Amino acid sequence: MVQRRRQAGTAVVLVALYLLVVRVLPIPELVAGRISQLALVIVGLVVTVAWSRSAVRATGRMRVGLAVWGVAGAGWTTGQVLWLAGGWEIGGGPISPAGQAGFAVTMVGAPLAAVLLVGRPSASLRTLFDALLIGTSLFFVIWALILGPQYRAGAPEIGTVVYAVADVVILSLLLLLLADAGPALRTPLEIAAIGIVVQFAADTVFAYEVVNGSYRFGALPDLLWLTAFTILAVGAPHRTELRGVTRLSDGGRPRAYLPYVPFALAFLTGSTMIVTGQELDRMLAGLSMTLTGLVVFRQMLILGDNRSLTRQLSTLVDDLRFRADHDALTGLANRARFEEITERALEPGADRAVAVLLLDLDGFKPVNDTYGHDAGDRVLVEVARRLRGAAGPDDMVARLGGDEFAVLTGDDPGPVADRVLATFRTPFDVGPGQARIGASVGVAAGRPGGRGVGQLVRDADLAMYEAKRSGRNKVVSAGRAA
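Residues numbered from 1 in each chain as written. Predicted model: local features only at pLDDT ≥ 70, side-chain atom pairs only at ≥ 80, totals over all residues. Heavy atoms only, no water.

Going by the annotation in an unreviewed UniProt entry, the name recorded for the protein is GGDEF domain-containing protein, with Actinoplanes palleronii given as the source organism.

Here is the structure:
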């Protein structure tokens, strides 16, 4: 912060010195114009060096974004040098095609750098469409009210307005992306946005003066350009801001309705022209088609995002529903799910009787004590797998908690219990070795409209403890031993 304050103070001094030399001292207009343009070349170089140096200190995608911003500054500086060279003798003149190409690098590079620095890949395209929608809408209004009439009157160099439009697009993009900017980049981008505002003012005044034929080197646009690029130089991220940065984005979302404000203004302007009998020229017709396309494509992107979000929410709901009904370790139904299904099977009018097999593992605690809980978890997962294989296709297998399992069956529970006990004859792999684990099984049967789920489980629980007292790998049915 202290370093940036010092830079801001230096910038104020430089702008004041420029005003003194170019606008106050009695220097010939041609010389003052040359000095003005040389100052713009120098400040362009400063911006290029400042952002490129920040790129060297950054890593990953941030480095690429900062480097592209440096390239954008270099493009502007190159265009300025070529423009100065072409107009050196007369203190102004049209920009050569090579100079236009240099400025075009800035118009393309600046928004690309902003997207690379901030935009999440999934949101960058929509954000770019938002910026284009804002810029095109404002250009529609400017052309309809100011530039169109001048163009039809034969004003030259009307194409220079493209610079102001590009500034609107870049500024819109920065403002939209600021909601996503991480802490390290928020301040630099806020300062850059201020610089683009001044740049827009400079290009707008430049377009106006060129159309009127009054622009010369050293005029008001030069002062505004100098101020804009000085602000951009101050905004370059510092080493301390880039140190330890691991994310570019805070995950925020751009303001969804912001692009529609200038679009509504353009729509109102066009509607007013039609109502008042004014003709829409080719430019306005083309802009209208462009705006329509941008809105349609933007809505398609939003619909795609919404579909993706709906799928994600559906998957999340399914996952939450599964987690609510199932044991996280084994994937079996949990106690709540088991009791719900059992209660439904015991309701009056159900088609058949059911039986509950309640299992408690024998010899499981030593596995945890000897081999650790990871080995114990592997055993529980294997028990669940074996129980699924022993149960019938229509039976429910559940883990009620700890090493306690249950099977709900509509078949004869005897054969099911025999298959369950048979699965425990094979030792369990516990990593360094194998362990033999048994099961005590308690069985309780119920018919629809008879005992409730609570009583049925309690009866099976009592039978299971009776089996445990009788020894390992025993089955006891409620009311009798088996």
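Asks: Quick one: what's the story with the packing of helix 1 (residues 2-24) against helix 8 (residues 220-234), residue by residue and with numbers?
Replies: For the pair helix 1 and helix 8, interaxial distance at closest approach is 10 Å and the crossing angle is 165°. By the angle class used here, helix 1 and helix 8 are roughly antiparallel. Crossing hand, helix 1 versus helix 8: right-handed. Between helix 1 and helix 8, the contacting residues are R4, Q7, A8, A11, V15, Y18, L19 and R23 on the first element and L220, D222, L223, L226, T227, T230 and V234 on the second. Considered class by class, the residues forming the contact of helix 1 with helix 8 number nine nonpolar, three polar and three charged. (Axes fitted to C-alpha atoms, helices over the stretch in contact; angles between N-to-C directions. Helix = DSSP H or I, 4+ residues; strand = E, 2+ residues; numbered from the N terminus. Parallel < 35°, antiparallel > 145°, perpendicular 65-115°, else oblique. Left-handed = near helix turned anticlockwise from the far one by under 90°. Contact = heavy atoms within 4.5 Å. Nonpolar A, V, L, I, M, F, W, Y, C, P; charged D, E, K, R; others polar.)

Asks: I'd like to hear about the environment of S470, residue by residue, with values.
Replies: Tracing the backbone shows S470 in helix 16 (residues 453-470). For S470, a relative accessible area of 43% puts it in the partly exposed group. Linking S470 and S440, residues 30 residues apart in sequence, is a C-alpha distance of 8.9 Å. (Buried < 20%, exposed > 50% of the residue type's maximum accessible area, 1.4 Å probe, protein only.)

Asks: Residue-level account of the pattern of salt bridges, with values.
Replies: Under the defined criterion, the tally for this structure stands at 14 salt bridges. In this structure, R399 engages D327 in a salt bridge whose closest nitrogen and oxygen atoms are separated by 3.2 Å. Of this pair, R399 sits in strand 2 (residues 396-401) while D327 sits in the loop between helix 11 (282-325) and helix 12 (335-345), and the two are 72 residues apart along the sequence. Within the structure, one salt-bridge network assembled from shared partners comprises R335, E339 and E404. (Salt bridge = Lys/Arg side-chain N within 4 Å of Asp/Glu carboxyl O.)

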